[in-house]
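What follows is each chain in one-letter form.
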Amino acid sequence: DAKGCLDPAAQGLLASEVVAAAGTAESDSAPRFRGRYPSWWNDTKSLPDAQPIFIHIPKTGGVSVEDTASKAGHVTGACVVHAFGDENLPYAVAPGFDCEPYHTPPLKFVPFSFAIVRDPYARMVSEFNWRAMWDDSVAEEMRSGKWSFTCGDFEEAVRDHVAQVAGNPFFACLSTTDFEEADYESCHAKHPEDPLTDSHAFPQWLFAKNAERVFKYEAFETEVWPFLRRAGVVRANDGAEKINSAGSVSEIAAKCWAFVSKETLEDFVRLYAVDFKNLGYDPTDFGKDAAAAALGAARGGRLTVDVRAMIDRAASATLRLTERDKAAARQTVVQVSVSADELAAMTHAAGAPAGTAGSLGAAGGAGGATPTCVSADQVTALGNSD
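Residues numbered from 1 in each chain as written. Predicted model: local features only at pLDDT ≥ 70, side-chain atom pairs only at ≥ 80, totals over all residues. Heavy atoms only, no water.

A.B. asks: Go over the packing of helix α5 (residues 120-132) against helix α13 (residues 262-271) with me, naming the residues and quoting the values.
C.D. replies: Where α5 contacts α13, the two axes come as close as 11 Å, and the packing angle between them is 110°. Relative to α13, the element α5 is oriented roughly perpendicular. As for the relative orientation of α5 and α13, their crossing is right-handed in sense. Between α5, through P120, Y121 and M124, and α13, the contact on the second element is made entirely by L265, F268 and V269. A breakdown of the residues in the contact of α5 with α13 according to their chemical character gives six nonpolar, no polar and no charged. (Axes fitted to C-alpha atoms, helices over the stretch in contact; angles between N-to-C directions. Helix = DSSP H or I, 4+ residues; strand = E, 2+ residues; numbered from the N terminus. Parallel < 35°, antiparallel > 145°, perpendicular 65-115°, else oblique. Left-handed = near helix turned anticlockwise from the far one by under 90°. Contact = heavy atoms within 4.5 Å. Nonpolar A, V, L, I, M, F, W, Y, C, P; charged D, E, K, R; others polar.)

So, in structure tokens, the structure goes:
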């Protein structure tokens, strides 16, 4: 409500998280809040008025959540670190990763948490757009209202993206497991010198598997925002703005999937098979941000993923083009009109100040955009402040 407290409907909505959090709060293995976190932060004494924990998966609209929450005086996701200068997130992170703590998969199930997932193809298109903003010449062209690229550029970006993870010995070990706590520790012990570093390329299932609630990016306005409003994280009149949404630019770039080589498509589907399978996305639907079916992934038990079937389905969906046809199409220059709003969205997603782009090395590398977080002395509690 206006005072920042949860209403009865919200308390009912979060009932399962409250029970889970209260049931593990006294466990020796439960996360402890350290450093300069405020005393009200997810304190069991103030449940169910505690802040829901946001597990931020890169390129799924997370910066929009963090920015809008900050406007209401709340911190979540990456803003916990940015506001309080403390990298001890309210959950344990898995070993074997060398990236921002808020972009590192949780080690185990996180009570009272939520995450947002996205169609793997659309997520890759968003990554392609974001990476382009780091090129000074591309950024300059975009500021003039256009962007020229080839589908060959897109395929190269896909190959590089996949190689960041698929060629890593630690992940090769991990991919044969169920991504449980013991699996992370065992594979890290075997490959201590081979950490994964590009958080944007990690399969989303590594994060979503351990979240209490999982929402779909495609249902941002109908599911994510209502949940955050009821929980008091965002204000009732704040819109569901997708900061990293590039509109028609993404729609045109997504068409390149039809011309990606069979080999590259196979590698991409193989790497993200756990996402297609467990998050309910279709490997034949090349990156459309259409509303998808509700999440039906089950936790626990060995994952059964027919990767070969997924690859065959994806390959058959590429307009029945020959590899020679696709190779020729990849050489064609595509020119996209970039509106001021799309440029602003892409610039913000790249971590640059409004109206600028290119030379973004200082913006955090593969960590992505830096949200505009409320400062520690301006944080507003979500209810009981004891």
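A.B. asks: I'd love a proper account of the nonpolar core, names of residues and values included.
C.D. replies: Residues F97, F154, Y184, W257 and F268 are the most contacted members of the largest nonpolar core, which totals 65 residues. With near-sequence residues (within four places) excluded, F268 lies in contact with P120, Y121, M124, V158, V162, W257 and F276. (Core = buried A, V, L, I, M, F, W, Y, C linked by side-chain atoms within 4.5 Å. Buried < 20%, exposed > 50% of the residue type's maximum accessible area, 1.4 Å probe, protein only.)

A.B. asks: Outline the state of the cysteines, listing residues and values.
C.D. replies: One pass over the structure, following the stated rule, counts three disulfides. Between the sulfur of C79 and that of C373 lies a disulfide, 2.1 Å long from S to S. Handedness here is read from the sign of the S-S torsion; for C79 and C373, about -80°, the answer is left-handed. Taken together, the residues C79 in helix α4 (residues 78-84) and C373 in the segment after α17 (340-350) connect sequence positions 294 residues apart. (Disulfide = S-S within 2.5 Å.)

A.B. asks: Run through empty space enclosed by the protein, naming residues and quoting values.
C.D. replies: The rolling of a water-molecule-sized probe over the atoms marks out the regions of remaining empty space. Using the criterion set out here, one finds four cavities of 30 Å³ or more in the structure. Of the residues forming the lining of the second largest cavity, the biggest block, four residues, is contributed by α5. In terms of residue class, the lining of the second largest cavity is made up of four nonpolar, two polar and three charged. (1 Å grid on protein atoms, 1.4 Å probe; cavity = no way out; pocket = protein on both sides within 12 Å on 5 of 7 lines; lining within 4 Å. Points joined across faces, edges and corners; volume = space filled by probe spheres on them.)

A.B. asks: Any details on unusual backbone geometry? Residues and values, ideally.
C.D. replies: Residue K59 is not a glycine yet carries a positive backbone phi of 65°. Secondary-structure assignment places K59 in the loop between β1 (53-55) and α3 (62-71). Phi is positive for F179, which is not a glycine, with a value near 60°. By secondary structure assignment, the location of F179 is in the loop between α8 (169-174) and α9 (181-190).

A.B. asks: How would you sum up the side chain of R330? Please name residues and give values.
C.D. replies: Locating R330 in the fold gives a position in the loop between α16 (323-329) and β5 (333-337). A distance of 2.8 Å separates a polar atom in the side chain of R330 from the backbone oxygen of F259. (Polar contact = N/O pair within 3.5 Å; in protein donor to acceptor, adjacent residues only side chain to side chain.)

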